[in-house]
Amino acid sequence: MECDKCGASAVMHAAYSGLHMCEEHFCRTVEKRVRRRIREDGLVPRDATPEDPETWVIGLSGGKDSVVLTQIVQDVFAEDPRIELVALSIHEGIEGYRDESLDASVTLTDELGIRHEVVSYDEEFDVRMDEVVEDDPEGMAACAYCGVFRRDLLSKYADELDADKLLTGHNLDDEAETALMNFLEGDVTQIAQHFDSSLGPFDADGDGPADRERPETDQHIPRAKPLRDIPEKEVALYARFEELPAHITECPHAEEAYRGEIQDLMLGLEENHPGTRHSIMAGYEKLAALAAEAYRSEDDRDADFGECERCGAPTGRDRCRKCNLLDALEAV
């Protein structure tokens, strides 16, 4: 099969677009889509200057998604004095698995010359995920604990690093799965929060349903997902073709039964109806924008948030979810 763009041997076929592409044109189209997402979401503010640059913290796990994100964003902004990049890695205390991915992160950041910070659950919370999985006081999947702890540290250290934005490596599959889960659970509030926290543009020029700007908030560092138009398999292919030091191994504690069912459903639909993931997100973003508009109160957007009485993190309760989980672990 030949590349539709240049006639060279094709290395992949994108069923959703019908395109056959060679290695060169495939990699360039991935980069083009990431640049377009950065532009359409208005990540670079109009008033950014070399004298007052933006700081973007990238959540770098060492896996394929975060490694590809870091490489492409660095390529795009390496010569742009308006943007400063900092990589932030978190060691969850998973023997063997996280050590190897951190090695990949160190290799990448050394090659790119990016500042790299590493924090751990052990140092911050005096817990390790290997032990959490054994104790499991709440009867939850490992990912439920880990997600809470990870989000807390990403937010905390992004704030300490004076980040203007926190970038994560969520790909198209990740976002389409989340969209389906939120919709099937009927969680309209979560759909609205999804738009305001990471889907909505920072600077919108249009007047369509998905062109509403997300509101500003003092409660957390704004998040962005520049890879959210790229299918997971294409992210893996890009990492392979560009010979990036990605650690492509599933976490030994990965266990999210409901998300797994949603993933199987979505991949089946995608196989039978190419383009399903893109269609899901195109419609979901419009619905999420409308939900955000309906549920948002500009006067008291942050009114429901106070501070955790134990750690000071933003929360709508007396204690944040992280501190409640730590209390449960201490009681075991």
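Computed from a predicted structure; not experimentally measured.

Things to note about the pattern of salt bridges
Phase 1 of the analysis: According to the stated counting rule, one finds 26 salt bridges in the structure shown.
Phase 2 of the analysis: One salt bridge in this structure joins Glu177 and Arg259, with 3.1 Å as the shortest N-O distance. One end of the pair, Glu177, is in helix α7 (residues 172–184); the other, Arg259, is in helix α10 (residues 257–272), and 82 residues separate them in sequence.
Phase 3 of the analysis: Arg259 gets classed as partly exposed once you look at its relative accessible area, which sits at 21%.
Phase 4 of the analysis: Across the salt bridge formed by Glu330 and Arg310, the nearest N and O atoms sit 3.2 Å from each other.

Brief notes about a nonpolar patch on the surface
Phase 1 of the analysis: A cluster of nonpolar residues, Phe183, Leu184, Tyr258, Leu265, Leu269, Leu287 and Leu290, forms a patch on the protein surface that exposes about 660 Å² of accessible area.
Phase 2 of the analysis: As for its placement among the helices and strands, Phe183 is situated in helix α7.

Structural notes on the state of the cysteines
Phase 1 of the analysis: Applying the stated criterion to the full structure yields zero disulfides.
Phase 2 of the analysis: Free of any disulfide, Cys308 has its nearest cysteine sulfur in Cys323, 3.7 Å distant.

A word on the sheet that holds strand β5 (residues 115–120)
For sheets, the rule is that strands pair by backbone hydrogen bonds, running either parallel or antiparallel.
Phase 1 of the analysis: In spatial order, the strands read β5-β4-β3-β6-β7; together these five strands make up an open sheet with parallel pairing. Bordering the open sheet on either side are β5 and β7 (223–224), each of which pairs with just one other strand.
Phase 2 of the analysis: Strand direction decides the pairing type here: strand β4 (residues 83–91) and β5, joined by six bridges, are parallel. For Val86, the partnering residue across the bridge sits in β5 and is Arg115.

Here we look at the pairing of β4
Phase 1 of the analysis: A large share of β4 lies buried, amounting to eight of its nine residues.
Phase 2 of the analysis: Sheet topology places strand β3 (residues 54–59) next to β4; six bridges connect them, and they run parallel. Across the sheet, the residue bridging to Ile58 is Ala87, located in β4.
Phase 3 of the analysis: Between the parallel pair β3 and β4, the chain is carried across by helix α2 (residues 64–77), and the sense of this crossover is right-handed.

Quick look at the environment of Leu287
Phase 1 of the analysis: Its place among the elements puts Leu287 in helix α11 (residues 276–295).
Phase 2 of the analysis: According to the relative accessible area criterion, Leu287 is partly exposed, its value standing at 48%.

Thoughts on the packing of helix α1 (residues 23–40) against α2
Phase 1 of the analysis: At a minimum axis distance of 11 Å, the contact between α1 and α2 shows a crossing angle of 70°. Taken together, the axes of α1 and α2 are roughly perpendicular relative to one another. Residues Val30, Glu31, Val34, Arg35 and Ile38 of α1 touch α2, and the partners they reach there are Ile72, Val76 and Phe77.
Phase 2 of the analysis: Taken together, the residues of the contact of α1 with α2 break down into six nonpolar, no polar and two charged.

Some thoughts on a negative patch on the surface
Phase 1 of the analysis: On the surface, Asp47, Glu51, Asp52, Asp159, Glu160, Asp162 and Asp164 cluster together to form a negatively charged patch.
Phase 2 of the analysis: Following the sequence through the fold, Glu160 ends up in helix α6 (residues 142–160).

Conventions used here
- Residues numbered from 1 in each chain as written.
- Predicted model: local features only at pLDDT ≥ 70, side-chain atom pairs only at ≥ 80, totals over all residues.
- Heavy atoms only, no water.
- Salt bridge = Lys/Arg side-chain N within 4 Å of Asp/Glu carboxyl O.
- Helix = DSSP H or I, 4+ residues; strand = E, 2+ residues; numbered from the N terminus.
- Buried < 20%, exposed > 50% of the residue type's maximum accessible area, 1.4 Å probe, protein only.
- Patch = residues over 30% accessible without salt bridge, like charges linked within 9 Å, V, L, I, M, F, W, Y side chains within 5 Å.
- Areas by Shrake-Rupley, 256 points an atom, 1.4 Å probe, with all protein chains shown as cover.
- Disulfide = S-S within 2.5 Å.
- Pairing = 2+ DSSP bridges.
- Right-handed = clockwise from strand over helix to strand, strands pointing away.
- Axes fitted to C-alpha atoms, helices over the stretch in contact; angles between N-to-C directions.
- Parallel < 35°, antiparallel > 145°, perpendicular 65-115°, else oblique.
- Contact = heavy atoms within 4.5 Å.
- Nonpolar A, V, L, I, M, F, W, Y, C, P; charged D, E, K, R; others polar.
- Lys, Arg positive; Asp, Glu negative; His and termini not counted.
- Charge placed at Lys NZ, Arg CZ, Asp CG, Glu CD.

Without other data, these values stay purely geometric and don't point to any function.
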